[in-house]
Amino acid sequence: MSRVYNFSAGPAMLPEEVLKQAASEMTDWRGSGMSVMEMSHRGKEYISIAKKTEAYLREIMEIPDNYKILFLQGGASSQFAMIPMNLLRGRNTADYINTGQWSKKAIAEAKRYCNVNVAATSEASNFTTVPARSEWKLNPDAAYVHYTPNETIGGVEFDSIPDTGNVPLFADMSSTILSRPIDVSKFGLIYAGAQKNIGPAGLTIVIIREDLIDEPLPGTPVMFSYKTHAENESMYNTPPTYAWYIAGLVFEWIKNRGGLDAMARLNKRKADKLYAAIDKSGFYKNPVDKNYRSWMNIPFTLKNSGLDSKFLEEAKAAGLVTLKGHRSVGGMRASIYNAMPEEGVDKLISFMEEFQKKNG
Ligand SMILES: *Cc1c(COP(=O)(O)O)cnc(C)c1O
């Protein structure tokens, strides 16, 4: 069985080189006589893996020294609660931008802890665009502004980092982190579940400006406090050691391929050609405003939805899998993160052209 091109939104493809390296180190990590999975997280070998992983991430993202990197569990979904639990800093209100399904979930969770001001929403367009910054109604007293730079389900992505003045900007980067260089210093906090563009599920990365770390709301469990994890180098309890190790291999892979500039060039090229094929077809359609189309998640519909299951079956037979769109959107979705080779996108485009010829 050869490997397929897997267009899953997450857990998603990992670089084959990384999987092969992990396989070769599976039973004996570099002469230690044990698997990384079997190591004490407090042992010298594992500490070296953890530190190296952090150093690679700091290097490829150019994360300034006044930011802590936390390696947590609980997924991006836990961050929806951890953010208001930890970062209201004596205030009682926070600004949120609503650009789709993931924004909505973050908003719903924050409402349990504070007043949420939805400062802008693209709901009227059925989340096919990004609200213009000039129309945002930010509250100067807000503890922070939260937004979702890339909406994984709708396939909508911000083309720049919004300016929020003195109010810290927080971003759910689960499906866009590492897809291109970003200026980390513009953010108070960045978080991402690993299973899209970082590594295996089970690891969640939080990058937080140190001065924001404070006592959480009374009653917050110790495990839900950023302070706990920051003060203990993410080793207050047993971290997700194996996922952390694989993430390190992925960061090293990115560095060796030219870093985030190289990723950005490749990702833009992959996305551009897939959108071009969709737009010129007259058979496939992507509803998103051309200025805000995601590089990572590309939803599209067929002219006749009655052909959806045929499309999926034949794609699978051609080695192109997990193209079914999210249940809330329907149609197809091609998620093309860093680890999706350009060849996979080329094969998908050829397949789509053939399918249209036979069924269009
Ligand atoms: C996948 C995803 C989530 C949810 O992540 P979990 O790790 O499953 O909690 C949240 N936000 C965005 C933007 C996502 O893509």
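A quick note: this is a predicted structure, and the numbers were derived from the prediction, not measured. (Residues numbered from 1 in each chain as written. Predicted model: local features only at pLDDT ≥ 70, side-chain atom pairs only at ≥ 80, totals over all residues. Heavy atoms only, no water.)

A.B. asks: Is there a simple way to explain the overall build of the protein chain in this structure?
C.D. replies: Assigned secondary structure in the protein chain consists of nine helices and 14 strands. For 360 residues, the compact-globule estimate of 2.2 N^0.38 gives 21 Å, and the C-alpha radius of gyration of the protein chain, at 21 Å, lies within 12% of that figure. Taking the principal axes of its C-alpha atoms as reference, the protein chain extends roughly 60 × 60 × 30 Å. In the protein chain, 66% of the contacts between residues at least 6 apart in sequence involve partners at least 24 apart. (Helix = DSSP H or I, 4+ residues; strand = E, 2+ residues; numbered from the N terminus. Rg over C-alpha atoms; globule rule 2.2 N^0.38 Å. Contact = heavy atoms within 4.5 Å.)

A.B. asks: How should I be thinking about the sheet that holds strand β12 (residues 297-302) in this particular structure?
C.D. replies: Two strands in a sheet stick together by hydrogen bonds in their backbones, pointing the same way (parallel) or opposite ways (antiparallel). Strand order in the open sheet formed by three strands is β11-β12-β14, with antiparallel pairing between adjacent strands. Two strands bound the open sheet, and with one partner strand each, they are β11 (284-285) and β14 (332-335). (Pairing = 2+ DSSP bridges.)

A.B. asks: In this structure, what is going on with unusual backbone geometry? I would like to understand it.
C.D. replies: Outside of glycine, negative phi angles account for most residues, and trans bonds account for most peptide bonds. At the junction of G10 and P11, the peptide bond is cis and its omega measures out at -10° in the coordinates. You will see that E62, though not glycine, has its phi angle at about 50°, which is positive. Unusually for a residue other than glycine, T322 sits at a positive phi of about 60°. Inspection of the secondary structure puts T322 in the loop between β13 (320-321) and β14.

A.B. asks: It is not clear to me how the domain arrangement of the protein chain should be interpreted in this structure. Could you clarify?
C.D. replies: Frequently, the measure chosen for interface size is the accessible area removed from exposure when the parts meet. Taken domain by domain, the protein chain consists of domain 1 (17-256) and domain 2 (260-359). Look at where the C-alpha atoms of domain 1 and domain 2 centre, and you get two points 27 Å apart. On the domain 2 side, the residues contacting the 25 residues of domain 1 number 24 residues. Joining domain 1 to domain 2, the criterion identifies zero salt bridges. Linking domain 1 with domain 2 are 11 residue pairs in polar contact (both at pLDDT 80 or more), by the criterion used here. (Domains from an automatic or database assignment. Salt bridge = Lys/Arg side-chain N within 4 Å of Asp/Glu carboxyl O. Polar contact = N/O pair within 3.5 Å; in protein donor to acceptor, adjacent residues only side chain to side chain.)

A.B. asks: What exactly am I supposed to notice about the site of the ligand here?
C.D. replies: The immediate surroundings of the ligand are formed by 13 residues, with S77, T152, D172, Q195 and K196 found nearest. A distance of 3.1 Å separates an oxygen atom of the ligand from a polar backbone atom of A76. Within the contact set of the ligand, an oxygen atom lies 2.9 Å away from a side-chain nitrogen or oxygen of Q195. Looking at the shell around the ligand element by element, the count peaks at four residues for helix α3 (residues 75-87). (Near = heavy atom within 4 Å.)

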